[in-house]
Amino acid sequence: MTAYELLSVETVPAYVESRPALRDLLGPGAVTSVREVSDGNLNLVFVVGNGSRGLVLKQALPYVRVDPTWPVTAERNGYEAGALRVHNAVAPGLVPEIYDADPARHVVAIEDLSDHRVWRGALNEGLRHEGVAADLGRYVARVGFGTSVFGLGARAHKAAVAASVNPEMCEITEDLVFTEPYVTHEHNRIRPANERDVADYVGDPRVRAAIGTAKLTFMTHAEALVHGDLHTGSVLVRDEPRSTRAFDVEFAFYGPLGFDLGALWGNYVLAAARALALGDEAHASWVLGLAQETWEAFEEEFTRLWPGRADPRVGELEPYLTKVYGDAIAVAAAKAARRVIGYAGVSDIDTLPEDLRAGAVRGVLGAARLLLVEGGGPGVLDRVGGVLAGKNL
Ligand code: SR1
Ligand code: MG
């Protein structure tokens, strides 16, 4: 029993009618199609149309959709609406438009991007969407500059930090990414064939030290209103005309820029591990090259924005970029490792044939360990492919 009414295919038309912004968008009494497409861990999602235009309704459940015994704040829907508005302002065209937010029913209405597809699925199929990785680097740069003290100045940054605290969702990340994989926990799903690999990885004191540092950075470096969960399943892509949209910003919070870049890199590692397990070296190599592509686009865009900062006495560009890079390397490792040890696996690995999975997991943990041990050292990303392939570099 929830304290607010959950949407269903049957009730969506009346709901749209009851929301002035949506009625104006689609026209009165005009809903002709409703399709439920909920497939993430947390929310109900409906694609609504009137024959010529559409929108998407996303409603937060007060629990994890795939585990109703696990309560999660429905207020995340409001955090998402707030972050989406801000991201639309600083990075237009790289996120879905937002049409409406309903704090009583915990619903946001956003642009219908049904002509896009989720990037993770495309990567799993060995498809190359050129330019997406660079678009995402620009997205992180624009959000990272525009919502930070650099873009906002001191007072507005402090006000934005205060207005955007998202403690419950941050706690999920603190637990699932930085804690649970490193302790004995009921959420962990370790295959017998990988027990030794996981024990070696989590038992390495260098790994534990680097993860502890990354967790502290996550919890205390309120740099920018980052996406907070920027994996390849949070990205929609379209080829013609090319379009890239980062969506699903319910984990948005004031955190380190490197968190979003590292999330992308960690998921490139998972996609490459899949490709290598399937014997597609060319795709693995292309996917691993995306990390550099994202970084270069980020660096170029951030550098372009830098002269426009509110206070030229705050920060130095090169040391700041070095800090972001180092943060991102550790997050890449944490994000890749959590998906093969802890709660919420990814299809890249979980849909591999059983006999290929253990090797892929071993490769991912080897790559994560390399990244954590070497930190932001020179050429570390270039060595990931070798480790994934089982070469002891
Ligand atoms: C209980 S939520 C599990 C995971 O799903 C989301 O995509 C986040 O990555 C979160 O950690
Ligand atoms: Mg999500």
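To start, this report covers the structure provided alongside it.

As for the side chain of Arg 120
Next, step 1: Considering the arrangement of structural elements, one finds Arg 120 in helix H4 (residues 119-124).
Next, step 2: The contacts of Arg 120, once residues within four sequence positions are left out, are His 231, Thr 232, Gly 233, Asn 267, Val 346, Ser 347 and Asp 348.

Structural notes on the site of ligand 1
Next, step 1: Surveying the vicinity of ligand 1 reveals the residues Asn 41, Val 64, Trp 70, Leu 176, Asp 229, His 231, Phe 251, Arg 338 and Arg 339.
Next, step 2: Within the contact set of ligand 1, an oxygen atom lies 2.8 Å away from a side-chain nitrogen or oxygen of Asp 229.
Next, step 3: At 3.2 Å from an oxygen atom of ligand 1 is found a side-chain nitrogen or oxygen belonging to Arg 339.
Next, step 4: Mapping ligand 1 onto the cavity grids shows that it belongs to the largest pocket.
Next, step 5: A breakdown of the residues in the shell around ligand 1 according to their chemical character gives 4 nonpolar, 2 polar and 3 charged.

Considerations on the sheet that holds strand E8 (residues 117-118)
Next, step 1: Ordered by their spatial adjacency, 3 strands build an open sheet running E8-E10-E11, and the pairing between neighbours is antiparallel. The sheet terminates laterally at E8 and strand E11 (243-246), the two strands that pair on one side only.
Next, step 2: Note that strand E10 (residues 235-238) and E11 share 4 bridges and pair antiparallel. Paired with Val 237 across the two strands is Thr 244, which belongs to E11.

Here's the deal with the pairing of strand E2 (residues 43-49)
Here is the key point about a regular strand: its side chains alternate between the two faces of the sheet.
Next, step 1: Burial of E2 is extensive: 7 of the 7 residues sit out of reach of the surface.
Next, step 2: Of the two faces of E2, the one lined by Asn 43, Val 45, Val 47 and Gly 49 and the one lined by Leu 44, Phe 46 and Val 48 are each fully buried.
Next, step 3: The pairing of strand E1 (residues 33-36) with E2 spans 4 bridges and is classified as antiparallel. Across the sheet, residue Val 34 finds its bridge partner in E2, namely Val 48.
Next, step 4: The sheet contact formed by E2 and strand E3 (residues 54-60) spans 7 bridges and is antiparallel. Among the inter-strand pairings, Phe 46 is bridged to a residue of E3, identified as Leu 57.
Next, step 5: Linking E2 back to E3 in an antiparallel pair, the connection comprises 4 residues, with Gly 51 at a positive phi of about 95°.

Regarding empty space enclosed by the protein
Next, step 1: Tallied over the entire structure, the rule returns 1 cavity of 30 Å³ or more.
Next, step 2: When its volume is computed, the largest cavity comes out at roughly 40 Å³.
Next, step 3: Lining the largest cavity, in full, are Phe 178, Ala 214, Thr 217, Phe 218, Pro 256, Phe 259, Asp 327 and Val 331.
Next, step 4: Residue assignment for the lining of the largest cavity shows that the elements contributing at least two residues are helix H10 (205-220) and helix H13 (317-341).
Next, step 5: Of the residues in the lining of the largest cavity, the class split is 6 nonpolar, 1 polar and 1 charged.

As for the side chain of Thr 147
Next, step 1: Here Thr 147 shows up in the loop between helix H5 (132-146) and helix H6 (149-152).
Next, step 2: Apart from the residues within four sequence positions on either side, Thr 147 is in contact with Val 86, Val 90, Arg 142, Leu 152, His 157, Glu 223, Ala 224, Leu 225 and Tyr 254.

How each quantity is defined
Per-chain numbering applies: the sequence of each chain, read as written, is numbered from 1 onward. Numbering of ligands from 1 and lettering of chains from A proceed in the order in which they are written. Under the rules for a predicted model, residues below a pLDDT of 70 receive no local features and side-chain atom pairs below 80 are neither given nor counted, while totals for whole chains, interfaces and linings still include all residues. For the side-chain quantities, the full set of heavy atoms in the structure was used; hydrogens and water were omitted. The secondary structure listing takes helices from DSSP runs of H or I that are at least 4 residues long and strands from runs of E that are at least 2 residues long, numbered from the N terminus. Whether two residues are in contact is decided by their heavy atoms, any of which lying within 4.5 Å being enough. Distances are taken per atom, and a residue is near a molecule or strand as soon as one of its heavy atoms is within 4 Å of it. Counting of polar contacts relies on pairs of N or O atoms within 3.5 Å, with two restrictions inside protein: one atom must be capable of donating a hydrogen and the other of accepting it, and residues adjacent in sequence are counted only when both atoms are side-chain atoms. Detection works on a 1 Å grid of protein atoms alone, calling trapped sets that fit a 1.4 Å probe cavities and calling open sets with protein on both sides within 12 Å along at least five of seven lines pockets, with lining residues defined by an atom within 4 Å of a point. More than half of a molecule's atoms within 2 Å of the grid points is what it takes for that molecule to sit in a cavity or pocket. Ten residue types, Ala, Val, Leu, Ile, Met, Phe, Trp, Tyr, Cys and Pro, are classed as nonpolar, four, Asp, Glu, Lys and Arg, as charged, and the remainder, Gly among them, as polar. At least two DSSP bridges between two strands are needed for those strands to be called paired. Exposure classes here rest on a 1.4 Å probe applied to the protein chains alone. A residue is buried below 20% of its type maximum, exposed above 50%, and partly exposed in between. Grid points are joined across faces, edges and corners, and a volume is the space filled by probe spheres set on the points.

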